[in-house]
Amino acid sequence: MDSHTRLITPVPALQSLGRDHQVLALLADALDAYAGALASGAPLLPGDFTLLVQAWRSFGDQRHYEKEEQIVTPLLVRSGLDYDLPVLIEERRARQQLRYLIAVLEHAAHRELQWSGFERSGINACARTLTEVHRRSSSEQERELFPEIVTLAPDMLGALNQQLLRFDAADDARRQADPARDVRALLARYGVERAGATAAGERRSASATGS
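Since the structure is predicted, the reported quantities are computational estimates derived from the model, not experimental observations.

*Asks:* Looking at this model, I keep getting lost on the overall build of the protein chain. Mind explaining?
*Replies:* Helix and strand counts for the protein chain come out as eight helices and zero strands. In sequence order, the secondary structure elements of the protein chain are arranged as α-α-α-α-α-α-α-α. Burial statistics for the protein chain: of 211 residues in total, 47% are counted as buried. Contacts in the protein chain between residues at least 24 apart in sequence constitute 86% of all its contacts with a sequence separation of at least 6. Working note: accessible area of the protein chain is about 10200 Å², and carbon and sulfur atoms make up 55% of it.

*Asks:* Help me out: how do you make sense of the nonpolar core in this one?
*Replies:* Within soluble globular proteins, side chains that are nonpolar generally end up buried alongside one another. Judged by nonpolar contacts, the single largest core of 38 residues is most densely connected at L27, F49, W56, L105 and L130. Broken down by element, the residue count for this core peaks at 12 residues, all from helix α2 (residues 12-40). Every residue in contact with F49, bar those within four places of it in the chain, is listed here: Y34, L105, A108, A109, E112, W115 and I123. Of all hydrophobic cores here, the second largest spans 20 residues; its members include V11, L76, V87 and L157.

*Asks:* Explanation requested: the pattern of salt bridges in the structure shown.
*Replies:* Once the charged atoms of two side chains with opposite charge are near each other, the side chains can pair. This model, assessed by the stated rule, comprises 24 salt bridges. R57 is the partner of E106 in a salt bridge, and the nearest nitrogen-oxygen pair spans 2.8 Å. Taken together, the positions of E106 in helix α4 (residues 86-109) and R57 in helix α3 (residues 48-78) put the pair 49 residues apart, joining distant regions of the chain. For E106, a relative accessible area of 26% translates into the label partly exposed. A residue is classified by how much of its surface remains accessible, and R57, at 17% relative accessible area, is buried. E68 serves as the salt-bridge partner of R95, at 2.9 Å between the closest nitrogen and oxygen.

*Asks:* Where do I start with the packing of α3 against helix α5 (residues 117-150) in this structure?
*Replies:* How two helices pack is summed up by the angle between their axes together with the distance between the axes. Where α3 contacts α5, the two axes come as close as 13 Å, and the packing angle between them is 25°. Classed by the angle they form, the pair α3 and α5 counts as roughly parallel. In this structure, the crossing between α3 and α5 has a hand that is left-handed. Across the interface between the two elements, F49, W56, H64, E68, V72 and L76 of α3 pack against I123, L130, H134, Q141, L145, E148 and I149 of α5.

*Asks:* I tried to follow α4 on my own but got confused; where do I start?
*Replies:* One turn of an α-helix holds 3.6 residues; hence residues three or four places apart share an orientation. Along its 24 residues, α4 runs 34 Å from first to last C-alpha, staying within 8% of the 34 Å computed at 1.5 Å per residue. What α4 keeps buried is the set V87, L88, E91, A94, R95, L98, R99, L101, I102, L105, A108 and A109. Looking at the packing, one finds that the buried side of α4 touches α2, α3 and α5.

*Asks:* Where do I start with α2 in this structure?
*Replies:* A rise of 1.5 Å per residue sets the reference length of α2, with its 29 residues, at 42 Å; its end C-alpha atoms lie 43 Å apart and thus fit the reference within 8%. The element α2 is extensively covered by neighbouring structure, given that 22 of its 29 residues are classed as buried. Where α2 ends, the next residue or the one after it, G41, has phi of about 80°, a positive value.

*Asks:* Please explain the side chain of T131 as it appears in this structure.
*Replies:* Along the chain, T131 falls in helix α5. Beyond its immediate chain neighbours, meaning those up to four positions away, T131 contacts A28, L31 and D32.

*Asks:* Would you explain the confidence of the model for the protein chain in this entry?
*Replies:* Note that predicted coordinates carrying low pLDDT should not be read in detail. The predicted model of the protein chain averages 87 in pLDDT, with 86% of residues at 70 or higher. Mean pLDDT values over the elements of the protein chain span from 39, in helix α1 (residues 3-8), up to 97, in α4. When the criterion is pLDDT under 50, residues 1-9 qualifies, and its contacts beyond four places in sequence or with other chains add up to 15 contacts. Between residues 193-211, whose pLDDT stays under 50, and residues either more than four places distant or in other chains, the model counts 30 contacts.

*Asks:* I'm lost on unusual backbone geometry in this one. Help?
*Replies:* It is generally the case that most residues other than glycine have a negative phi and that most peptide bonds are trans. Its identity as a non-glycine residue notwithstanding, L113 has a phi of 65°, on the positive side. Relative to the helices and strands, L113 is located in the loop between α4 and α5. Owing to a relative accessible area of 30%, L113 belongs among the partly exposed residues under this scheme.

Here is what the cut-offs are and how they apply
- Residues numbered from 1 in each chain as written.
- Predicted model: local features only at pLDDT ≥ 70, side-chain atom pairs only at ≥ 80, totals over all residues.
- Heavy atoms only, no water.
- Helix = DSSP H or I, 4+ residues; strand = E, 2+ residues; numbered from the N terminus.
- Buried < 20%, exposed > 50% of the residue type's maximum accessible area, 1.4 Å probe, protein only.
- Contact = heavy atoms within 4.5 Å.
- Areas by Shrake-Rupley, 256 points an atom, 1.4 Å probe, with all protein chains shown as cover.
- Core = buried A, V, L, I, M, F, W, Y, C linked by side-chain atoms within 4.5 Å.
- Salt bridge = Lys/Arg side-chain N within 4 Å of Asp/Glu carboxyl O.
- Axes fitted to C-alpha atoms, helices over the stretch in contact; angles between N-to-C directions.
- Parallel < 35°, antiparallel > 145°, perpendicular 65-115°, else oblique.
- Left-handed = near helix turned anticlockwise from the far one by under 90°.
- Expected span 1.5 Å × (residues − 1).
- pLDDT = per-residue confidence, 0-100.

So, in structure tokens, the structure goes:
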């Protein structure tokens, strides 16, 4: 266990964010696997693309990005962190780009499996860019922002944790299905060999967040 892992393990607030990262890692792997199948001409099951895109909008945007914007960043700034700190600027840019890419894929989902060859190439490029930007952003958060959260005063950490718990409870209550379960099934259809790598990544992330 490295020093960074030891540092963040006792912080409950990071468990909420870490769990989001675990699910988003699955979403990224599944989108890559689907894009690979699309590019190779492999059989595609109707509804899978729409499921994936909806998961990115619902879990990525409406859960994780909202938590960052509504809860995490404001609290960090109130604690003294500069709003124009390079890492915060980069995260805002990443969220803007990710939302744009999700919107492009949502538009494509209206014509699922009716795509021309040109559209398939565009969807593949958009999907690959989305997963690349997401992974870079998540890595930067864990490297740059998580240590900032650890340094918050105990009362600020407690407030952050309570707000994240309330957000998670409300978000979980509105869901009719577990996105991770659905995406694992999709990943098994299009990328069995990626499932093992994802599971290993989840174990590493779980160890780091203490979940």
